Amino acid sequence: MAGAYDDRDGKIWMDGRLVDWRDAKVHILSHAMHYASSVFEGERCYNGKIFKCRAHSERLIESGRLIDMEIPYTPEELDAAKYAVLEANGWSDAYVRAVAFRGAGLDMGVSAARNPVQVAVIAWEWGSYYGDAKWEGAKLDIAKWARPDPRTIPVQAKASGLYMICTMSKHAAEAKGCSDALFLDWRGNVAEATGANIFFVKDGEIHTPLADCFLNGLTRQTIIVLAREKGITVHERRINPLELPSFDECFLTGTAAEVTPVAQIGETTFTVGPVARALSDAYEALVRS
């Protein structure tokens, strides 16, 4: 079992060069530490190929733009950094994390226009995000926090600050013996889990919340395409939580989650059924092709 994340052998890419894992440090007065001025990407490498590598690099840059932070690298440079990290650590199957953040500089208030934007790329070997739930079905709590109105924050940015309620909600769920938590949005409709998008199946058709107040995940988009290629009807719509008992299956999607079936949300149970399994198999074949 690997040790703490700050005490490992290996290499991390920071601001244009590879450094020893234990030397990848930032100053305590980095703006991101105090004001969450940070964006990131989670990616997976399968058989030496990062799935949707360029799309992730482009989204990192766009997330930075959305929070008024210009990332000082091109998509091509970010792609190269990711593969350099994988090569330096000798991994062909790994999770890849790219992060951009405002570091320490001349500003230490809310404004940080004069502080440098730093970028790092890290990778590590990571199995199934939900453990045995990958095959048995995850159990979800219902979070007390809601996904915010998009007028309050740029919801299409993969910004660190947006994950604060995710951490709190996942901790609360785990304390109840659950794998994760389901968020409703500020209107009371079903939104997503703490780090994954959610899908439901009814009468062989898929229903998934409109991505109008949360991140439209790259895995989410991929699964919608795969489903439609299989002739499965996909409805992107607002879903009232009172509808949950009417669905046959439920599953989560995300880079870390991949395709994970859900067995229970609150008191509602679901079958780990054929649609989720078929799409999980199709996704696995695609990312390893």
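Preceding this paragraph is the structure being described.
Enquirer: Any details on the overall build of the protein chain? Residues and values, ideally.
Expert: Counting its regular elements, the protein chain contains seven helices and 15 strands. At 19 Å, the protein chain has a C-alpha radius of gyration in line with the 19 Å of a compact globule built from 289 residues. For the protein chain, the spread of C-alpha atoms along the principal axes amounts to about 55 × 40 × 35 Å. Within the protein chain, the proportion of its 289 residues that are buried is 50%. Across the protein chain, contacts joining residues at least 24 apart in sequence account for 68% of those joining residues at least 6 apart. As displayed, the protein chain has an accessible area near 13,500 Å², and 53% of this comes from carbon and sulfur atoms. Measuring between centres, the 32 positive side-chain charges of the protein chain sit 2 Å from its 39 negative side-chain charges.

Enquirer: An account of the pairing of strand β10 (residues 197-202) is needed here, citing residue identities and associated values.
Expert: In terms of residue burial, β10 counts as a mostly covered element, since five of its six residues are buried. Where β10 lies against strand β13 (residues 249-254), five bridges are found, and the strand directions are antiparallel. When the bridges of β13 are listed, asparagine 197 appears paired with threonine 253. Pairing of β10 with strand β11 (residues 205-209) involves three bridges; the strand directions are antiparallel.

Enquirer: Provide a residue-level description of a nonpolar patch on the surface, including the pertinent values.
Expert: A grouping of Ile28, Leu29, Met33, Tyr35, Met108 and Val110 is seen on the molecular surface, where their side chains present a nonpolar patch of about 610 Å² in accessible area. As for its position among the elements, methionine 108 is in the loop between β5 (94-102) and β6 (117-124).

Enquirer: Talk me through the pairing of strand β3 (residues 38-46); I want residue IDs and the actual numbers.
Expert: Most of β3 is tucked away: nine of the nine residues are buried. Residues Ser38, Phe40, Gly42, Arg44 and Tyr46 line one face of β3 and the alternating positions Val39, Glu41, Glu43 and Cys45 line the opposite face, and both faces are buried. Two elements, β3 and β5, share eight bridges in a ladder whose sense is antiparallel. Counted as the bridge partner of valine 39 is alanine 100 from β5. Strand direction decides the pairing type here: β3 and strand β4 (residues 49-50), joined by two bridges, are antiparallel. Bridging from a neighbouring strand, cysteine 45 pairs with isoleucine 50 of β4. Following β3, the chain reverses through two residues before pairing antiparallel with β4; asparagine 47 in that reversal takes a positive phi of roughly 50°.

Enquirer: Tell me about the pattern of salt bridges, residues and numbers included.
Expert: Per the stated rule, a full pass over the model turns up 21 salt bridges. Between lysine 176 and aspartate 141 there is a salt bridge, with its nearest N and O atoms 3.2 Å apart. Placement of lysine 176 in the loop between α5 (164-175) and β8 (180-185) and of aspartate 141 in strand β7 (residues 138-147) is noted, with a sequence separation of 35 residues between them. Among the ionic pairs, aspartate 212 bridges to arginine 238, the shortest N-O distance being 3.1 Å. Pair noted here: aspartate 212 is in the loop between β11 and α6 (218-229) and arginine 238 is in the loop between β12 (234-237) and β13, with a separation of 26 residues, a long-range link.

Enquirer: An account of α6 is requested, with residue identities and associated values reported.
Expert: With twelve residues, α6 ought to run about 16 Å at 1.5 Å a step, and its terminal C-alpha atoms sit 17 Å apart, in line with that. By the burial criterion, the buried members of α6 are Leu218, Thr219, Arg220, Thr222, Ile223, Ile224, Leu226 and Ala227. Downstream of α6 by one or two residues, glycine 231 has phi in the positive range, about 80°.

Enquirer: Can you break down the packing of α6 against helix α7 (residues 274-287) residue by residue, with the values?
Expert: Contact geometry of α6 with α7 gives a least axis separation of 10 Å together with a crossing angle of 110°. Regarding the angle of α6 to α7, the classification is roughly perpendicular. As for how α6 packs across α7, the hand of that crossing is right-handed. Residues Thr219, Thr222, Ile223, Leu226 and Ala227 of α6 form the contact with α7, whose own contacting residues are Leu279, Ala282, Tyr283 and Leu286. Partitioned by chemical class, the residues of the contact of α6 with α7 number seven nonpolar, two polar and no charged.

Enquirer: How would you summarise the packing of aromatic side chains if you had to cite specific residues and measurements?
Expert: Both the distance between ring centres and the angle between the ring planes are used here to describe each pair of aromatic rings. Per the counting criterion, the structure on display carries ten aromatic pairs. When the ring of phenylalanine 200 is compared with that of phenylalanine 270, the centres are 6.2 Å apart and the planes differ by 50°; the resulting orientation is tilted. Here phenylalanine 200, found in strand β10, pairs with phenylalanine 270, found in the loop between β15 (268-269) and α7; they are 70 residues apart in sequence, far enough to count as distant. Assigned by exposure class, phenylalanine 200 and phenylalanine 270 land together as buried.

Enquirer: Describe the sheet that holds β4, and please don't skip the residues or the numbers.
Expert: Sheet architecture is open: six strands sit in the order β2-β1-β6-β5-β3-β4, paired in antiparallel fashion. A single partner strand is all that each edge strand has here, and the edge strands are β2 (17-20) and β4. In the packing of helix α2 (residues 53-66) onto the sheet, the strands contacted are β3, β4 and β5, and the crossing angle to β3 comes to about 175°.

Enquirer: Just give me the short version of the packing of α2 against helix α3 (residues 75-89), but keep the residues and values in it.
Expert: In the contact formed by α2 and α3, the axes pass within 9 Å of each other and the chain directions differ by 120°. Considering the angle they form, α2 stands oblique to α3. The chirality of how α2 crosses α3 is right-handed. Residues Cys53, Arg54, His56, Ser57, Glu58, Leu60 and Ile61 of α2 form the contact with α3, whose participating residues are Pro75, Glu76, Leu78, Asp79, Lys82 and Tyr83. Here the residues of the contact of α2 with α3 are counted per class, giving six nonpolar, two polar and five charged.

The rules behind these values
Residues numbered from 1 in each chain as written. Predicted model: local features only at pLDDT ≥ 70, side-chain atom pairs only at ≥ 80, totals over all residues. Heavy atoms only, no water. Helix = DSSP H or I, 4+ residues; strand = E, 2+ residues; numbered from the N terminus. Rg over C-alpha atoms; globule rule 2.2 N^0.38 Å. Buried < 20%, exposed > 50% of the residue type's maximum accessible area, 1.4 Å probe, protein only. Contact = heavy atoms within 4.5 Å. Areas by Shrake-Rupley, 256 points an atom, 1.4 Å probe, with all protein chains shown as cover. Lys, Arg positive; Asp, Glu negative; His and termini not counted. Charge placed at Lys NZ, Arg CZ, Asp CG, Glu CD. Pairing = 2+ DSSP bridges. Patch = residues over 30% accessible without salt bridge, like charges linked within 9 Å, V, L, I, M, F, W, Y side chains within 5 Å. Salt bridge = Lys/Arg side-chain N within 4 Å of Asp/Glu carboxyl O. Expected span 1.5 Å × (residues − 1). Axes fitted to C-alpha atoms, helices over the stretch in contact; angles between N-to-C directions. Parallel < 35°, antiparallel > 145°, perpendicular 65-115°, else oblique. Left-handed = near helix turned anticlockwise from the far one by under 90°. Nonpolar A, V, L, I, M, F, W, Y, C, P; charged D, E, K, R; others polar. Phe/Tyr/Trp six-rings, centres within 6.5 Å; stacked < 30°, edge-to-face > 60°.

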